[in-house]
Amino acid sequence: MYYGGVYHLFYQYNPYGAVSGKIVWAHSVSYDLLNWVNLEDAIYPTGPFDVNGCWSGSATLLLGDKPSIFYTGSDLKNGQVQNLAMPKNTSDPWLHEWVKSPYNPLITPLNGTDPNFFRDPTTAWQGEDKVWRLLVGSQIKGRGTAILYKIEDFISWSMIGSLFNSMAETDMWECPDFYPVSTKSRSALETSEQGDAKKRPILWGWINESDSKSLDIKKGWSGLQLIPRNVLLSKLGKRLVQWPIKEMEKLRAKEVTTLGKDLKGGSVVEVSGITAAQADIEVSFRITDLAKAETIDYNSVDSQLICSSKTASVRGKLGPFGLTNGKTAIYFHVLKQHGKFIVLMCSDQSRSSLMEGLDKTTYGGFVDIDPRQEKISLRSLIDHSIIESFGGEGKTCITARVYPSLAVDNKARLYVSNNGTVGVKISRLSAWSMKNAQIAPISKRRKPKTN
């Protein structure tokens, strides 16, 4: 939430331990989305409507820029209900204290909705009819859904029904959201300049650990916030794309650049002169011999399945080529199906660590570009155990969690590699060392366990 010139981040936090437990809403503030101050917890269990935990939800600026928080509470029976909290003092730019509505819970599960699958209210929005609405994630008869509610006084909510449903049986829809993006601009919403002048929809994900619970407890924490991303429309307006916020470039330090370099089949070139364990890399490739692309004959193609069989160590023709950090590889294959070229992007963690018991899943996705007319671009942001990669200017995004045993800190190395048999050309490569963001902690985060 952006309020009074300050960005507010609220997030799920267990003040009693490193892993999931009785959850509260932790609270941090920033003036630039890069450097943060951790504050005291904003919302924590106090009543029968949230006694077993204050779960996920959303912040909304009501009329007159009045901040509010809608959140899921776990009640006395561990059922899920929706609650409201407001700041005690709206003149406090950091919004230190929050007061819960005396009418909580405001929304309870109705019409056969399972109280165990009824959570994560969205940011509310006001329509042209002046009525406020929000969505709640749920599962009805084995199908994930988002239930729509409306209100006029923020006390008595009315259920309208399921706004969206999954087509087949799925788990419940966690943390749905519903917001506008620009149809004319790739950088901002077409609205009046109030509050955050950039008016950007920002997606800020959380990533879990891929190691064991015992290791989480040993190190005293688990889970991290990723890099904030803009949510934009692609240049043709056909799909949503994600891209790191512009502010991230302020953390760039030393830069190295390579232009127009041939990358022969089987070659590896080190990107030297930067801190490979903490870096921002942008690279684009041009394919000069598309006629040699491998043909796949399947009618239906699972991108992750192909990446799992075509790992970074398996030589193809046009691919795998891309970036390698330690033994973690983010790479492309150019394939041909039914006379059309397909660009496949993979993230291979299978050799990322010598540690046992890690999730080393290989991820994959197709990139909606035509290699006959477009360069194949990749941006990867590396922050020690996290690699966030954006293919085709954000059309395909893959985030990986890796735990290298040997290639850590100043021992880490970054390479551009081509393990295919056909050469490709590096049109441009720019890489930067990244400075640390500043995180100011409060004096004491963990609380003693209570009965």
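Per chain, residues are indexed from 1 in the order of the written sequence. Totals for whole chains, interfaces and linings use every residue, but because this is a predicted model, local features are given only for residues with pLDDT of at least 70 and side-chain atom pairs only at 80 or more, for both listing and counting. The side-chain values count all of the structure's non-hydrogen atoms but skip hydrogen atoms and water molecules.

**Student:** Mind showing me how you'd approach the overall build of the protein here?
**Tutor:** Counting from the N terminus, the helices are the DSSP runs of H or I reaching at least four residues and the strands are the DSSP runs of E reaching at least two. Helices and strands together make up the secondary structure of the protein, namely two helices and 32 strands. C-alpha atoms define the radius of gyration, and 2.2 Å times the number of residues to the power 0.38 defines the globule rule. Computed over the C-alpha atoms, the radius of gyration of the protein is 24 Å, within 12% of the 22 Å expected from 2.2 N^0.38 for a compact globule of 451 residues. Across its three principal axes, the protein shows a C-alpha extent of roughly 70 × 50 × 45 Å. Expressed as a percentage of its 451 residues, the buried residues of the protein come to 49%. Long-range contacts, defined here as pairs at least 24 residues apart, represent 61% of the contacts in the protein between residues at least 6 apart. Whether a residue is buried, partly exposed or exposed follows from its accessible area with a 1.4 Å probe, protein chains only, as a fraction of its type maximum: under 20%, in between, or over 50%, in that order. Contacts: residue pairs with any heavy atoms within 4.5 Å of one another.

**Student:** Would you mind going over the pairing of strand 12 (residues 143-151) with me for this structure?
**Tutor:** For strand 12, the buried fraction is high: seven of the nine residues fall into the buried class. Whether two strands pair depends on DSSP finding at least two bridges between them. Bridging between strand 11 (residues 132-140) and strand 12 involves nine bridges; their strand directions are antiparallel. Across the sheet, S138 pairs through a bridge with T145, a residue of strand 12. The loop that links strand 11 with its antiparallel partner strand 12 comprises two residues; one of these, K141, has a positive phi angle of about 55°. Counted between consecutive antiparallel strands, the loop separating strand 12 from strand 13 (residues 158-165) contains six residues, among which F154 sits at a positive phi close to 60°.

**Student:** Sorry, what's going on with the pairing of strand 28 (residues 386-391) here?
**Tutor:** In regular strands, side chains alternate between the two faces of the sheet. The element strand 28 is largely enclosed, with a buried count of six among its six residues. Residues of strand 28 alternate between two faces, with I386, E388 and F390 on one and I387, S389 and G391 on the opposite face, all of them buried. Of the pairings in the sheet, the one linking strand 27 (residues 376-383) to strand 28 comprises six bridges and is antiparallel in character. By the bridge assignment for strand 28, D383 is matched with I386.

**Student:** Would you mind showing me how to read the state of the cysteines here?
**Tutor:** Among covalent bonds in proteins, the disulfide is the one between the sulfur atoms of two cysteines. The disulfide definition used here is simple: a pair of cysteine sulfur atoms within 2.5 Å. For the coordinates displayed, the defined rule picks out one disulfide. Each disulfide pairs two cysteine sulfurs, and for C307 the partner residue is C346, the sulfurs being separated by 2.0 Å. Because the sign of the S-S torsion sets the handedness, a value of about -75° for the bond joining C307 and C346 places this disulfide among the left-handed ones. Here C307 is found in helix 2 (residues 303-309), whereas its partner C346 is found in strand 25 (residues 340-348), with 39 residues between them in sequence. Taken as a pair, C307 and C346 share a single burial class, namely buried. C397 takes part in no disulfide bond, and the closest cysteine sulfur to it belongs to C307, at a distance of 14 Å.

**Student:** Even after reading the chapter, I still don't get the sheet that holds strand 7 (residues 80-87), so can you show me in this structure?
**Tutor:** Consider a sheet: its strands pair through backbone hydrogen bonds, and that pairing is either parallel or antiparallel. The antiparallel open sheet is built from four strands, whose spatial order is 5-6-7-8. At either margin of the open sheet sits one strand with a lone partner, and together these are strand 5 (54-62) and strand 8 (98-100). Within the sheet, the average angular offset between the axes of one strand and its neighbour, ignoring direction, is 30°. Strand direction decides the pairing type here: strand 7 and strand 8, joined by three bridges, are antiparallel. Each residue of the ladder has a partner; that of P87, found in strand 8, is W98. To define axes, lines are fitted to C-alpha atoms, for helices over the stretch in contact only, and angles between the resulting N-to-C directions are given on a 0 to 180 degree scale.

**Student:** What is the right way to read the packing of aromatic side chains from this model?
**Tutor:** The geometry of an aromatic ring pair is captured by the separation of the ring centres together with the interplanar angle, meaning the angle of the planes. Working definition: a ring pair exists when centres of Phe, Tyr or Trp rings (six-membered ring for Trp) sit within 6.5 Å. Plane angles under 30 degrees give stacked, over 60 give edge-to-face, the rest tilted. Inspection of the entire model under this criterion finds eleven aromatic pairs. Counting every residue linked through ring pairs, the aromatic cluster contains F10, W25, Y71 and W98. Over a ring means this: the NZ of a Lys or the CZ of an Arg is within 6 Å of the ring centre and within 35 degrees of the ring normal. A cation sits over an aromatic face here: K219 above W221, 5.0 Å from the ring centre. Here the guanidinium or amino end of R252 rests over the ring plane of W432, the centre of that ring lying 3.5 Å away.

**Student:** What should I look at first to understand the side chain of S417 in this one?
**Tutor:** Within the secondary structure, S417 sits in strand 30 (residues 414-418). Judged by relative accessible area, which is 14%, S417 ranks as buried. As used in this structure description, the phrase polar contact means that two N or O atoms lie within 3.5 Å; if the pair is within protein, one of them must be able to donate a hydrogen and the other to accept it, and residues adjacent in sequence are counted only when both atoms belong to side chains. Polar contacts involving the side chain of S417 include one to the side chain of T324, which spans 3.1 Å. Aside from chain neighbours lying at most four places away, what touches S417 is L263, S267, V268, P320, F321, G322 and T324.

**Student:** Help me understand unusual backbone geometry in this model?
**Tutor:** A cis amide bond links N104 with the next residue in sequence, P105, at an omega value of -5°. One non-glycine residue, K141, lies in the positive phi region at around 55°. Assignment of secondary structure puts K141 in the loop between strand 11 and strand 12. A positive phi angle, close to 60°, is found at H384, a residue other than glycine. Relative to the assigned elements, H384 resides in the loop between strand 27 and strand 28. The exposure class of H384 is partly exposed, given its relative accessible area of 35%.

**Student:** I tried to follow the nonpolar core on my own but got confused; where do I start?
**Tutor:** Within soluble globular proteins, side chains that are nonpolar generally end up buried alongside one another. If you look at the biggest cluster of nonpolar residues, it comprises 38 residues, and the most contacted ones within it are F285, F332 and V334. Among the elements of the structure, strand 19 (252-263), strand 21 (278-286), strand 23 (321-325), strand 24 (328-337), strand 25, strand 27, strand 30 and strand 31 (424-434) are those that each provide at least two residues to this core. Setting aside its immediate chain neighbours within four residues, V334 contacts I287, L290, A293, E294, L318, F321, F341, I342, P371 and I376. Listed in part, the 16 residues of the second largest apolar core include W36, I245, M248 and L251. For the purposes of this section, nonpolar cores are sets of buried Ala, Val, Leu, Ile, Met, Phe, Trp, Tyr and Cys residues that join through side-chain atoms within 4.5 Å.

These results come straight from atomic positions and should not be treated as a statement about function.
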